[in-house]
Amino acid sequence: MRLILYAGFHKTGTSSVQRALSQNNALLDPFVRVLMKQDMTALCEAARAWSISRDTLDHGLLQYECAELISSLDPDDPRPVLLASEDLAGHMPGRLGLETYDAVPALMGTIRQTATLVRTDIDMSFYFSTRAKDAWLRSCYAQHLRASDLTADEGDYVKNHQTSADFAPILEKVRDVVAPHSVTSVSLEASRQTDNGPLGPILDLLGVPQSLRHKLTPVPAINTRLPKALQQKLLEINRSPLPYKERHQQKQSLIAGWHE
């Protein structure tokens, strides 16, 4: 059985990839079994929980959910399996006390070890998308503004979270813990230049023929960064003394109005 794990990183085109996989499911189905967050919610939640707690109980739950998922896959189906969710990398740095992606190597190592125990014949590949540091940090800032109580200015956030955007050392550690399985990465800036955008590197790993790639429906960038004016309004709400529920409702109304 061949398994490709696409675990992020967050804010590197992952939402666009998932939308493209969904919209082109009928065309891709003969070539790959795709599982996204909704298909492996328990495993994703276990990964997120352990990335925060780092305790033995949550690690055991991660192992259990991984074993359950791998066991559920039909071994007689010749198609490769793609697990695609940034939640497999845990929570995004900048929230809940996380400063970096230092949980990722252990998460990938646990998934590798558990999967290979369940299926001794499994052939795993790990793929990560990355992004230029400044663009990534500013995108994360906008995401935190809308989803959390962040009250810092963008400049301060970018200055104070530089190490969270150091993807290279994290990927090197992943390579160490999942060896001899392969680990590849492509920047969002590079993948955007390909015919299939951020989905392109995954199609390469899957060996999807060019004759089919030309038939895939392109997907524009989604979950993009909110405009500066809206970010400022969200920041003002986060800094207000209103109760959390009221702040949340105000932010959701503002964002919904911008999307209309």
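Throughout, residues of each chain are indexed from 1 in the direction in which the sequence is written. At least 70 in pLDDT is required for a residue's local features to be given in this predicted model, at least 80 for side-chain atom pairs to be given and counted, and no such filter applies to totals for whole chains, interfaces and linings, which use all residues. The side-chain quantities take in all heavy atoms of the structure and omit both hydrogens and water.

The name given to the protein in an unreviewed UniProt entry is Sulfotransferase family protein, with Parasedimentitalea maritima as the source organism.

Caption draft 1: The arrangement of the packing of aromatic side chains in detail. What counts as a ring pair is set by centres within 6.5 Å for rings of Phe, Tyr and Trp (its six-membered ring), and what kind of pair is set by the plane angle: stacked under 30 degrees, edge-to-face over 60, tilted for all other angles. In this structure the tally under the stated criterion is eight aromatic pairs. Ring plane angle 25 degrees and centroid distance 4.7 Å describe the contact between Phe9 and Phe167, whose orientation is recorded as stacked. Highlighted residues: Phe9 in the loop between β1 (2-6) and α1 (14-23) and Phe167 in helix α8 (residues 167-178), separated in sequence by 158 residues. Relative accessible area decides the class of each residue, using a 1.4 Å probe on protein chains only: under 20% of the type maximum gives buried, over 50% gives exposed, and in between gives partly exposed. Look at Phe9 and you get buried, because its relative accessible area is 0%. An aromatic cluster is present here, built from Phe9, Tyr101, Phe128, Trp136 and Phe167 joined pairwise through their rings. Think of it as a cone above the ring: NZ of Lys or CZ of Arg counts as a charge over the ring if it is within 6 Å of the ring centre and within 35 degrees of the ring normal. Seen from the ring of Trp50, Arg54 lies directly overhead, with NZ or CZ sitting 5.4 Å from the centre. Secondary structure elements follow DSSP: runs of H or I of four or more residues count as helices, runs of E of two or more count as strands, with numbering from the N terminus.

Caption draft 2: Spotlight on helix α5 (residues 104-118). The span you would expect from a helix comes to 1.5 Å times its residue count less one. Here α5 contains 15 residues, and its C-alpha end-to-end distance of 21 Å stays within 8% of the 21 Å for a straight helix at 1.5 Å per residue. Here α5 lies mainly inside the structure; 11 of its 15 residues are buried. Of all the residues in α5, the buried ones are Val104, Pro105, Leu107, Met108, Gly109, Thr110, Ile111, Arg112, Thr114, Ala115 and Thr116. The inward-facing, buried residues of α5 abut β1, α3 (41-53), α4 (56-72), β4 (123-130) and α8. Only heavy atoms enter the contact rule, under which two residues are in contact if any of them lie within 4.5 Å.

Caption draft 3: Representation of the sheet that holds strand β3 (residues 81-84) in the model. Only when DSSP finds a minimum of two bridges between them are two strands counted as paired. If you trace the five strands from one edge of the open sheet to the other, you get β2-β3-β1-β4-β5, paired in parallel fashion. Strands at the two margins of the open sheet, each flanked by one partner only, are β2 (33-36) and β5 (182-187). Neighbour-to-neighbour, the strand axes of this sheet turn through a mean angle of 20 degrees, independent of strand direction. Pairing analysis gives four bridges linking β1 to β3, with the strands arranged parallel. Note that in β3 the partner of Ile4 across the bridge is Leu82. Its contacts with the sheet place α5 against β1 and β4, and it is angled at close to 160 degrees to β4. To define axes, lines are fitted to C-alpha atoms, for helices over the stretch in contact only, and angles between the resulting N-to-C directions are given on a 0 to 180 degree scale. Contacts from α8 reach β4 and β5, with the element oriented near 160 degrees to β5.

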